[in-house]
Amino acid sequence: MITPASPLDFARGPAWANRIALAPLTNLQSNADGTLSDDEYHWLVRRAEGGFGMVMTCAAWVSGRGHSFSGQLGVAGPEHLDGLTRLAHGLRAAGAVSSIQLQHGGRRGDGQFDPVRVAPWNDAAKQAVELSTAEVEAIVEEFAEAAVLASEAGFDGAEIHGAHGYLLCQFLDARSNHRADKYGGSADNRFRIIHEVVDAVRRATGPDFQLGLRLSPERYGVPLAESRELAAQVLASGRLDYLDMSMWDAFKHPAEEEHRDRTLLEHFTDLPRGGTRLGVAGKILTGAQVRESLDAGADFVLIGTAGILHHDFAARVVADPSFTSTPQPVSADHMRAESVGPAFLEYLSTNWDDFVLSS
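Predicted model, so just to flag it, every value in this text is computed and none were measured. (Residues numbered from 1 in each chain as written. Predicted model: local features only at pLDDT ≥ 70, side-chain atom pairs only at ≥ 80, totals over all residues. Heavy atoms only, no water.)

Details of the UniProt feature "domain: NADH:flavin oxidoreductase/NADH oxidase N-terminal" (unreviewed entry) in the protein chain
Put simply, the rule reads: UniProt positions are given in the numbering used here, feature names are shortened, and annotations may be inferred rather than shown by experiment. Under the DSSP-based scheme used, a helix requires at least four consecutive residues in state H or I and a strand at least two consecutive residues in state E, with every element numbered from the N terminus.
Within the UniProt annotation, "domain: NADH:flavin oxidoreductase/NADH oxidase N-terminal" (unreviewed entry) is assigned to residues 17-237. For residues 17-237, the helix share is 38%, the strand share is 16%, and the end-to-end C-alpha distance is 25 Å.

As for empty space enclosed by the protein
Defined as follows: Only protein atoms enter the calculation, which uses a 1 Å grid: trapped sets of points that fit a 1.4 Å probe without letting it out are cavities, open sets showing protein on both sides within 12 Å along at least five of seven lines are pockets, and any residue with an atom within 4 Å of a point is a lining residue. Grid points are joined across faces, edges and corners, and a volume is the space filled by probe spheres set on the points.
Enumeration according to the criterion identifies one cavity of 30 Å³ or more in this entry. A volume near 50 Å³ is recorded for the largest cavity. What lines the largest cavity is Gly64, Arg65, His67, Gly106, Gly109, Asp110, Gly111, Phe113, Asp114 and Arg117.

So, the sheet that holds strand β10 (residues 300-303)
How we decide: Between any two strands, pairing holds if DSSP finds at least two bridges. Axis lines are fitted to C-alpha atoms, over the contacting stretch for helices. Their N-to-C directions set the angle, which ranges from 0 to 180 degrees.
Strands sit in the order β1-β2-β3-β6-β7-β8-β9-β10 around a closed barrel of eight strands; the barrel is parallel. Along the sheet, successive strands turn relative to each other by an average axial angle of 25°, direction set aside. Pairing of strand β8 (residues 242-246) with strand β9 (residues 277-281) involves five bridges; the strand directions are parallel. Directly across from Tyr242, in β9, lies its bridge partner Arg277.

Examining the nonpolar core
Rule in force here: For our purposes a nonpolar core is just a set of buried Ala, Val, Leu, Ile, Met, Phe, Trp, Tyr and Cys residues, chained together by side-chain atoms within 4.5 Å. Categorising residues by exposure relies on relative accessible area from a 1.4 Å probe, with only protein chains included: less than 20% of the type maximum marks a residue as buried, more than 50% marks it as exposed, and the intermediate range marks it as partly exposed. What makes two residues a contact is simply this: any of their non-hydrogen atoms within 4.5 Å.
Ranked by internal contacts, the top residues of the largest apolar core, which has 106 residues, are Val75, Ile100 and Met335. If we skip the residues at most four places from it in the chain, Val75 touches Ala60, Trp61, Val62, His80, Leu84, Ile100, Leu102, Ala146, Leu149 and Ala150.

Focus: the packing of helix α3 (residues 133-153) against helix α5 (residues 187-204)
Between two packed helices, what matters for the description is the angle formed by their axes and the separation of those axes. Which entries qualify depends on this criterion: Relative orientations are named as follows: roughly parallel for angles under 35 degrees, roughly antiparallel for angles over 145 degrees, roughly perpendicular for angles from 65 to 115 degrees, and oblique for any other angle. Throughout, a crossing is termed right-handed when the near helix is turned clockwise from the far one, and left-handed when it is turned anticlockwise from it by less than a right angle. Each residue gets one of three labels, nonpolar for Ala, Val, Leu, Ile, Met, Phe, Trp, Tyr, Cys and Pro, charged for Asp, Glu, Lys and Arg, and polar for the others, Gly among them.
Between α3 and α5, the least distance of the axes is 8 Å, while the angle of their chain directions is 40°. Our classification of the angle between α3 and α5 gives oblique. Read as a crossing pair, α3 and α5 show a hand that is right-handed. The residues of α5 that touch α3, namely those facing Val136, Val140, Glu141, Phe143, Ala144, Ala147 and Val148, are Ile193, Glu196, Val197, Ala200, Val201, Arg203 and Ala204. A per-class count over the contact of α3 with α5 returns eleven nonpolar, no polar and three charged.

Let's talk about unusual backbone geometry
A cis amide bond links Gln328 to the next residue, Pro329, at an omega of 0°. Turning to its location among the elements, Pro329 is positioned in the loop between α10 (313-319) and α11 (332-337). Unlike most non-glycine residues, Leu28 shows phi in positive territory, near 60°. Tracing the chain through its elements places Leu28 in the loop between β1 (20-22) and α1 (38-49). For Leu28, a relative accessible area of 24% gives the class partly exposed. The phi torsion at Ser339 lies on the positive side, around 65°, for a residue other than glycine.

Some points on the side chain of Gln72
Short version of the rule: We call two N or O atoms a polar contact when they sit within 3.5 Å, provided that within protein one can donate a hydrogen and the other can accept it, with sequence-adjacent residues counted only if both atoms are side-chain atoms.
Its place among the elements puts Gln72 in the loop between β2 (54-61) and α2 (81-93). For Gln72, a relative accessible area of 0% translates into the label buried. From its side chain, Gln72 meets the backbone nitrogen of Phe69 in a polar contact 3.4 Å long. Within the structure, Gln72 has its side chain in polar contact with the side chain of Gln103 (distance 2.7 Å). Discounting residues that sit within four places of it in the chain, Gln72 has contacts with Ser30, Asn31, Gly34, Ala59, Ala60, Trp61, His67 and Gln103.

Digging into the environment of Thr85
Take Thr85: it is sitting in helix α2. In this structure Thr85 comes out as partly exposed when scored by relative accessible area, which is 21%. Put simply, Thr85 and Gly66 are 19 residues apart on the chain and 22 Å apart in space, counted from C-alpha to C-alpha.

Below you can see the structure in the form of structure tokens.
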């Protein structure tokens, strides 16, 4: 019987001690140039000390034009290597498998780093210009180069961010991606950049580098049927070690009326996956919900909110399957005790209404 405490092995890279991973969480704690700060180091290493089988960084930009917002981690050049090396070694010493999430903001960047953003199509409202075919191909290689840097730093693996409306997800948008080249129009063409980035990273890294991909099952102009098809393709390819489906709420029913016969989670756990592992994320706040996700067919879960509230959520669930995350909101002192630094605390206080009690 699979339980939250069950180890999880992969085709490549180290096994995880359990089925609970830390989701990639925006925390705004990096230095202005994308180098690692002490606050970000302590925030992540504390989660490794708290028993998470795998700890993943926030979305880390793979190139200057992909830098999306202030306080974001970078994995784009030699200036980032020392901090990333420190982090990878710290996570390993604390007992967790490590991963860095590779991301390019595209038209979703906040515009302060480059007034003209890039996108699959021209978008005047976002001050975004359409990438040429050659520029798209260059971005594919930037993801591969970032993965090589992560490997040199000592990370066990990386996750490609193809979700949440960032650049790779923008190519999947059936409403707006009408490019005339090989990266637009048909579903196969819109999927192409995902496959190319996966292939490029796999070619550039060693045989033990653990590779994941994050996708959104719906929203961002991606129909659920196409999400299922793309997920099926990458699961069956054997090129990934895991697929991370970021669902916002793993237990909700889809927005599209014709697919409301079952939950979002159930729309993906029935897909053939060979040796590729399937993870799910979205409002998993209790040991019972971890178990429910695994019983429904997921191989592992990724924890966001509960991992902010409890650095040791994973250890608590392994020890007590009935553990429930503390109710929100919580005090600022609670957050500080959980190694949430000042910048992260400010972000949670000002951008979310249910995290931190008003002082």
